[in-house]
Amino acid sequence: MPSPESPRSVQPEEVTAVEVPPAVLELARSARRVCVLTGAGMSAESGIPTFRDVQVGLWERFDPMELASPEAWRHDPAQVWAWYSWRASLVRAAQPNAGHEALAAWQQRAGVDLQVATQNVDDLHERGGAEVLAHIHGSLFALRCDTCDRPSHTAYGDLAEPVAEVDPPACEREGCEGQVRPGVVWFGEALPQEEFFAAVEAAQEADLVLVVGTSGLVHPAATIPHLAGARGVPVVEINPRETEVSEAADHVWRATAAQALPALLAQLG
């Protein structure tokens with residue numbers, strides 16, 4: 001697992017060595033509306049462990065599903081808050097990679113409307129300079145009260161090492177006895193409808209959909225490429241491995257986000 005303190009960066013010679021499939025380049029050149037759906041693989045290139053890979057050291061005896069649920073929060077909020085505080089520390093230590101920066105640069109191209117919908121709960125797209133249409137699974141840093149649902153302006157503490165328990169902050173709203181919780185979507189919770197439907201609409205109305213670094217296993221986000229394809233929108237998968245998305249994709253590009261996206265942008269001119 002890469003160290004979050006030393007995220008792997010893609011070197012210029014690697015970008016030039018990546019061959020852009022001609023069909024993908026043609027689609028990208030002609031597309032005026034582009035929707036990019038990103039997943040955990042893109043953040044992993046910046047050194048952020050995937051959801052399950054974060055289970056190391058103190059946390060290796062836990063199933064992530066036992067920590068990322070409303071039931072876990074009700075049972076032991078201090079334990080859940082400690083786990084998310086550690087994840088937040090890993091995110092803050094990581095830096096956007098060349099893939100994040102390429103998407104931001106693509107958004108700035110004249111005549112292109114590029115929308116980013118991400119399953120990732122980190123803020124690497126934003127720190128890389130891109131605007132994000134939808135955080136489909138919520139945002140790690142969009143904290144809110146577990147009782148009144150009011151957004152919170154508090155923050156996680158900085159953890160140099162993982163700890164077993166950290167008491168979550170109290171809600172700032174006068175009279176509310178709730179606690180501040182992570183702004184992510186837990187197992188058993190519904191996706192934020194506004195975010196999900198914005199992503200679906202962007203994909204269905206696009207000239208091109210790129211699915212980058214996602215396994216296609218988590219529903220309903222995994223349905224977005226299929227919904228776009230059903231409308232006749234070409235779908236391109238960018239992933240070094242075969243996934244559940246591969247069969248639904250019109251074109252498959254076996255490369256990582258930090259390799260493929262800068263190479264594609266360079267070929268666009």
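Criteria and thresholds
Residues numbered from 1 in each chain as written. Predicted model: local features only at pLDDT ≥ 70, side-chain atom pairs only at ≥ 80, totals over all residues. Heavy atoms only, no water. Helix = DSSP H or I, 4+ residues; strand = E, 2+ residues; numbered from the N terminus. Buried < 20%, exposed > 50% of the residue type's maximum accessible area, 1.4 Å probe, protein only. Pairing = 2+ DSSP bridges. Contact = heavy atoms within 4.5 Å. Axes fitted to C-alpha atoms, helices over the stretch in contact; angles between N-to-C directions. Phe/Tyr/Trp six-rings, centres within 6.5 Å; stacked < 30°, edge-to-face > 60°. Lys NZ or Arg CZ within 6 Å of the ring centre and 35° of its normal. Salt bridge = Lys/Arg side-chain N within 4 Å of Asp/Glu carboxyl O. Polar contact = N/O pair within 3.5 Å; in protein donor to acceptor, adjacent residues only side chain to side chain. Expected span 1.5 Å × (residues − 1). Parallel < 35°, antiparallel > 145°, perpendicular 65-115°, else oblique. Left-handed = near helix turned anticlockwise from the far one by under 90°. Nonpolar A, V, L, I, M, F, W, Y, C, P; charged D, E, K, R; others polar.

*Asks:* I'd like a description of the environment of Ser 85, backed by residues and values.
*Replies:* Turning to its location among the elements, Ser 85 is positioned in helix H6 (residues 77-93). The class for Ser 85 is buried, based on a relative accessible area of 1%. Each C-alpha atom of the pair Ser 85 and Leu 159 lies 7.0 Å from the other, and the pair is 74 residues apart in sequence.

*Asks:* Quick one: what's the story with the sheet that holds strand S1 (residues 33-38), residue by residue and with numbers?
*Replies:* Strand order in the open sheet made by the six strands is S3-S2-S1-S6-S7-S8, with parallel pairing throughout. Strand pairing shows two members of the sheet lacking a second neighbour, strand S3 (134-135) and strand S8 (251-253), which therefore form its edges. Direction of pairing for S1 relative to strand S2 (residues 113-118): parallel, over a ladder of six bridges. Bridge assignment links Val 34 to a residue of S2, and that residue is Leu 114. In the packing of helix H2 (residues 22-30) onto the sheet, contacts are made with strand S6 (208-212), strand S7 (235-238) and S8, and the angle to S8 comes to roughly 110 degrees.

*Asks:* Hey, could you go over the packing of aromatic side chains for me, with residue numbers and the actual values?
*Replies:* In this description, an aromatic ring pair is defined by two values, namely the gap between the centres and the angle between the planes. In total, this model carries six aromatic pairs according to the counting rule given. When the centroid spacing of 5.7 Å and the interplanar angle of 40 degrees are considered together, the rings of Trp 73 and Trp 186 count as tilted. Of this pair, Trp 73 sits in helix H5 (residues 70-75) while Trp 186 sits in the loop between strand S5 (180-184) and helix H9 (193-204); the two residues are 113 residues apart in sequence, bridging distant segments of the chain. Here the two residues Trp 73 and Trp 186 agree in accessibility, since each one is buried. With a centroid separation of 6.4 Å and 50 degrees between ring planes, the pair formed by Tyr 84 and Trp 186 is classed as tilted. Within this pair, whereas Tyr 84 is found in helix H6, its partner Trp 186 is found in the loop between S5 and H9, the two being separated by 102 residues in sequence. One aromatic cluster is present, formed by Trp 73, Trp 83, Tyr 84 and Trp 186 through successive ring pairs. In this structure, Arg 87 is placed above the aromatic ring of Trp 83, and the distance from its NZ or CZ to the ring centre is 5.2 Å.

*Asks:* Describe the pattern of salt bridges, with residues and values.
*Replies:* Scanning the entire structure with this criterion turns up seven salt bridges. Put simply, Arg 127 and Asp 123 hold a salt bridge, and the shortest N to O gap is 3.2 Å. For Arg 127, a relative accessible area of 35% gives the class partly exposed. The class for Asp 123 is partly exposed, based on a relative accessible area of 22%. Linking Glu 237 and Arg 254 is a salt bridge whose minimum nitrogen-to-oxygen distance equals 3.2 Å. With Glu 237 in strand S7 and Arg 254 in the loop between S8 and helix H11 (257-268), this residue pair connects regions lying 17 residues apart in the sequence. Judged by its relative accessible area of 1%, Glu 237 is buried. You can call Arg 254 partly exposed: its relative accessible area is 38%.

*Asks:* So what about the side chain of Gln 119? Which residues, and what values?
*Replies:* Within the element layout of this structure, Gln 119 appears in the loop between S2 and helix H8 (124-127). A polar atom in the side chain of Gln 119 sits 2.7 Å from the side chain of Thr 214. Ignoring any residue separated from it by four or fewer positions in sequence, one finds Gln 119 in contact with Leu 37, Thr 38, Gly 39, His 137, Thr 214, Val 218 and Ala 221.

*Asks:* Go over H9 with me, naming the residues and quoting the values.
*Replies:* Spacing of three or four residues puts side chains on the same side of an α-helix, whose turn is 3.6 residues. The first and last C-alpha atoms of H9 sit 16 Å apart over twelve residues, in line with the 16 Å expected at 1.5 Å per residue. If you check which residues of H9 are buried, you get Phe 196, Ala 199, Val 200, Ala 202, Ala 203 and Gln 204. On its buried side, H9 packs onto S1, S2, S3, S6 and helix H10 (224-230).

*Asks:* For the packing of helix H7 (residues 98-107) against H11, give the residues involved together with the corresponding values.
*Replies:* At their nearest, the axes of H7 and H11 sit 7 Å apart, and the two run at 30 degrees to each other. When the interaxial angle is binned, H7 and H11 end up roughly parallel. For the crossing formed where H7 meets H11, the hand is left-handed. Judged by residue contacts, Ala 98, Gly 99, Ala 102, Leu 103, Ala 105 and Trp 106 of H7 engage Ala 257, Ala 258, Leu 261, Pro 262, Leu 264, Leu 265 and Leu 268 from H11. Its residues assigned to classes, the contact of H7 with H11 shows twelve nonpolar, one polar and no charged.

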